[in-house]
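Results of the structural survey
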Amino acid sequence: MSTVDDLSKRILADVVTDFRAKNLGTSALNNEYVGPSIAALEMKFCADGPHSKVDFDLALKQLEESKFVNTGPMVPHDNPPGSSLVFMGGRSKRKFVYLTEKGYRAAQKLVSKPRPPAPSVQEHGSGDADRKFARLAIDEARKSVPEPDGRSHPKVGAVVVKNGKLLSTAYRGERSENHAEYIALEKKLTDESVAGATVYTTLEPCTTRNHPKIPCADRLIERKVARVVIGMLDPDDRISGKGQRKLRRAGIVTDLFSHDLAMEVEELNRDFTRYCEQQDQARPIPQNPKASPSIADEKVAAILSYRGKPVTVMNHPKSGRYQGLDSYWPHETIVADCTSLFITLKDATGQQYSFPLDQVDVNFDNEKKRLRLQIDRY
């Protein structure tokens, strides 16, 4: 079912609910029963919901064409006395939704789909289960063995859980100079399926390792885990947040430890955090930033090269899970403008949309041979 089809059914359901709440008989439908305002519905489904105004207008038009609703009777134009211009015919109030008998009957035929069962602990966790396994990961982290290179290293513990069953635990350095996630997954669960499992780790999984080692985020993606619960983000500003974002892009749900446990993890790693901050302050500032453009500058340049041209646009759900064709914007969209902070897009209706640049990923649509923008709107 398309986004517009789904939205039109939700709008119709809201209008019928409003009608029933007023305890009116069906005869009231023939007496110009006035339903909820269009502005209120638009606020609910667009401003407070996940839908765009374009989708809302299309859904409302679909309901009107099906004669399930109309948006107000035609009324004569107001022609002030003595006016030199006289408008003939009528205009639509277009302020409220008017439910029709056909729409009311159609809504009654719609069989509500049963709600899916509540997610199990292994899928999305529960407060008690999350706290139990997060605490176990912290206990593992306290056992960490630092590498003998004179630098400060984080204390990391990892716990793997599937179907509510504890599969493995590990801590950094439990096997010489290896990360906790690697030990828990590759050393202790080499031949076991962990697809669909939840991994609790006290530190955000890494995204870079010296060759030939593989980053922990990549290993989690390869092993098809369903969820990763993180104690703290990496304190190195150059990579902080990248591990969590990479997991989300791969469709892995990410959550954080509860506040009190996260504070405990941060205290446990205070020396490592201080080391990262000192390294960041000591890092030299390039004398000529233009000589080596940043990734953000390159992104802006790529987007501006398509200013006024059509691009492919798709949404990123907050879970990171790909939603098929419904993720793609339904109308032709062009780049209106782009700065180091924001990008502005314009669709075929003339409606403009602005998004923070750091929520936009840029790649290439090989099928349509043009730029593709992936927007994290959540």
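Now for a description of the structure that goes with this document.

About the criteria used
Residue positions within a chain follow its written sequence, with the count starting from 1. In view of the model being predicted, local features appear only for residues whose pLDDT reaches at least 70, and side-chain atom pairs are presented and counted only at 80 or more, with totals across whole chains, interfaces and linings using the full set of residues. Note that water and hydrogens are dropped before the side-chain values are worked out from all heavy atoms of the structure. Only protein chains enter the accessibility calculation, which uses a 1.4 Å probe; a residue is then buried when its area is under 20% of its type maximum, exposed when over 50%, and partly exposed in between. Secondary structure elements are defined from DSSP: runs of H or I of at least 4 residues count as helices, runs of E of at least 2 residues count as strands, and each element is numbered from the N terminus. Arc definition: it is the arc formed by the directions from the helix axis to the C-beta atoms. Here, two residues are considered to be in contact whenever any of their heavy atoms come within 4.5 Å of each other. Only protein atoms enter the 1 Å grid, on which a cavity is a set of points fitting a 1.4 Å probe that cannot get out and a pocket is an open set with protein on both sides within 12 Å along at least 5 of 7 lines, lining residues being those with an atom within 4 Å of a point. Grid points are joined across faces, edges and corners, and a volume is the space filled by probe spheres set on the points. Each residue receives one of three labels: charged for Asp, Glu, Lys and Arg, nonpolar for Ala, Val, Leu, Ile, Met, Phe, Trp, Tyr, Cys and Pro, and polar for the others, Gly being one of them. By the counting rule applied here, Lys and Arg register as positive and Asp and Glu as negative, while His and the ends of each chain are not counted. Salt bridges, as used here, are contacts in which a Lys or Arg side-chain nitrogen is within 4 Å of a carboxyl oxygen on Asp or Glu.

**Focus: helix α10 (residues 259-268)**
Buried within α10 are the following residues: Leu261, Ala262, Glu264, Val265 and Leu268. Buried residues of α10, seen end-on, are gathered within an arc of 155° and therefore sit on one face of the element. In α10, the exposed positions angled more than 90 degrees off the buried face are occupied by His259 and Glu267. Check the buried side of α10 and you find it contacts α6 (127-141), β7 (198-203), β8 (227-232) and α11 (270-282).

**So, empty space enclosed by the protein**
Evaluated as defined, the whole model comprises two cavities of 30 Å³ or more. Taken as a whole, the second largest cavity holds about 30 Å³ of empty space. Lining the second largest cavity, in full, are Glu204, Pro205, Cys206, Thr207, Asp234, Ile239 and Gly243. Residue classes in the lining of the second largest cavity are distributed as three nonpolar, two polar and two charged.

**Focus: the side chain of aspartate 234**
Examined against the element boundaries, aspartate 234 turns out to sit in the loop between β8 and α9 (242-249). Buried charge without a partner: aspartate 234 forms no salt bridge, and the closest opposite charge is arginine 172, 7.9 Å away. Apart from residues no more than four positions distant in its own chain, aspartate 234 is found in contact with Leu203, Glu204, Ile239, Ser240 and Phe272.

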